[in-house]
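What follows is each chain in one-letter form.
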Amino acid sequence: MYFRSRVTVANWHIMYVLDARAPDAVRDWVKSIPEMGKFDRILTAHFASPIAVSGSEDFLNAFKYLDGPTSDPPISCKDWELLDGLNAFISDNKLGAPVKAGFDYRAGCS
């Protein structure tokens, strides 16, 4: 995750390569985090950590893309060739579940 204009955004490779395969499960997990209690930072597995947040809303906002296009997509449409290649490689070589039918991970790209 990283911040852009005070909005927490999940990394593109997580969003479009991993979350696209199980968006419902990810959405359920995201909703469960604030139920664990209040928090003011997020510890990441990589990149700069911890990330200061003003509460669970920042965390929830990072995953709004799961509900459809957002007004501030984190990746431009011109970068889809790489992502399409990654998704095809994963699916073609049975390295992971296929992208969930109907989940448009390109929706809202600029």
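Residues numbered from 1 in each chain as written. Predicted model: local features only at pLDDT ≥ 70, side-chain atom pairs only at ≥ 80, totals over all residues. Heavy atoms only, no water.

## What to know about the overall build of the chain
Right, on to step 1. When helices and strands are counted, the chain shows four helices and four strands.
Right, on to step 2. Starting at the N terminus and walking to the C terminus, you meet the elements of the chain as β-β-α-α-β-β-α-α.
Right, on to step 3. Buried residues in the chain amount to 33% of all 110 residues.
Right, on to step 4. Pairs at least 24 residues apart make up 69% of the contacts formed inside the chain by residues separated by at least 6 positions. (Helix = DSSP H or I, 4+ residues; strand = E, 2+ residues; numbered from the N terminus. Buried < 20%, exposed > 50% of the residue type's maximum accessible area, 1.4 Å probe, protein only. Contact = heavy atoms within 4.5 Å.)

## Looking at unusual backbone geometry
Right, on to step 1. Positive phi outside glycine occurs at Lys94, with the angle close to 50°.
Right, on to step 2. Mapping Lys94 onto the fold places it in the segment after helix 4 (80–92).
Right, on to step 3. For Lys94, a relative accessible area of 72% translates into the label exposed.

## Quick notes on the confidence of the model for the chain
Interpreting fine coordinate detail is not advised for predicted regions of low pLDDT.
Right, on to step 1. Of all residues in the chain, 69% have pLDDT values of 70 or greater, and the mean over the chain is 75.
Right, on to step 2. Mean pLDDT in the chain bottoms out at strand 1 (residues 2–4), which sits at 43, and peaks at helix 2 (residues 23–32), which reaches 89.
Right, on to step 3. Across residues 1–7, confidence stays below pLDDT 50; counting only partners more than four residues off in sequence or on other chains, it has 26 contacts. (pLDDT = per-residue confidence, 0-100.)

## Side note on the packing of aromatic side chains
Right, on to step 1. Following the criterion strictly, the structure yields four aromatic pairs and no others.
Right, on to step 2. Geometrically, the ring pair formed by Phe39 and Phe59 is edge-to-face, given 6.1 Å between the ring centres and 90° between the ring planes. In this pair, Phe39 sits in the loop between helix 2 and strand 3 (41–42) while Phe59 sits in helix 3 (residues 56–61), placing the two residues 20 residues apart along the sequence.
Right, on to step 3. Owing to a relative accessible area of 22%, Phe39 belongs among the partly exposed residues under this scheme.
Right, on to step 4. In this structure Phe59 comes out as buried when scored by relative accessible area, which is 4%. (Phe/Tyr/Trp six-rings, centres within 6.5 Å; stacked < 30°, edge-to-face > 60°.)

## Focus: the pattern of salt bridges
Right, on to step 1. In this structure the tally under the stated criterion is two salt bridges.
Right, on to step 2. Two residues, Asp24 and Arg27, come together in a salt bridge whose shortest N-O distance is 2.8 Å. Of this pair, Asp24 and Arg27 both sit in helix 2, separated by three residues, roughly a single helical turn.
Right, on to step 3. What makes Asp24 partly exposed here is its relative accessible area of 37%.
Right, on to step 4. A relative accessible area of 19% places Arg27 in the buried class.
Right, on to step 5. For Arg41, the salt bridge goes to Asp40, with nearest N and O atoms at 3.2 Å.
Right, on to step 6. Asp40 sits in the partly exposed class, given a relative accessible area of 44%. (Salt bridge = Lys/Arg side-chain N within 4 Å of Asp/Glu carboxyl O.)

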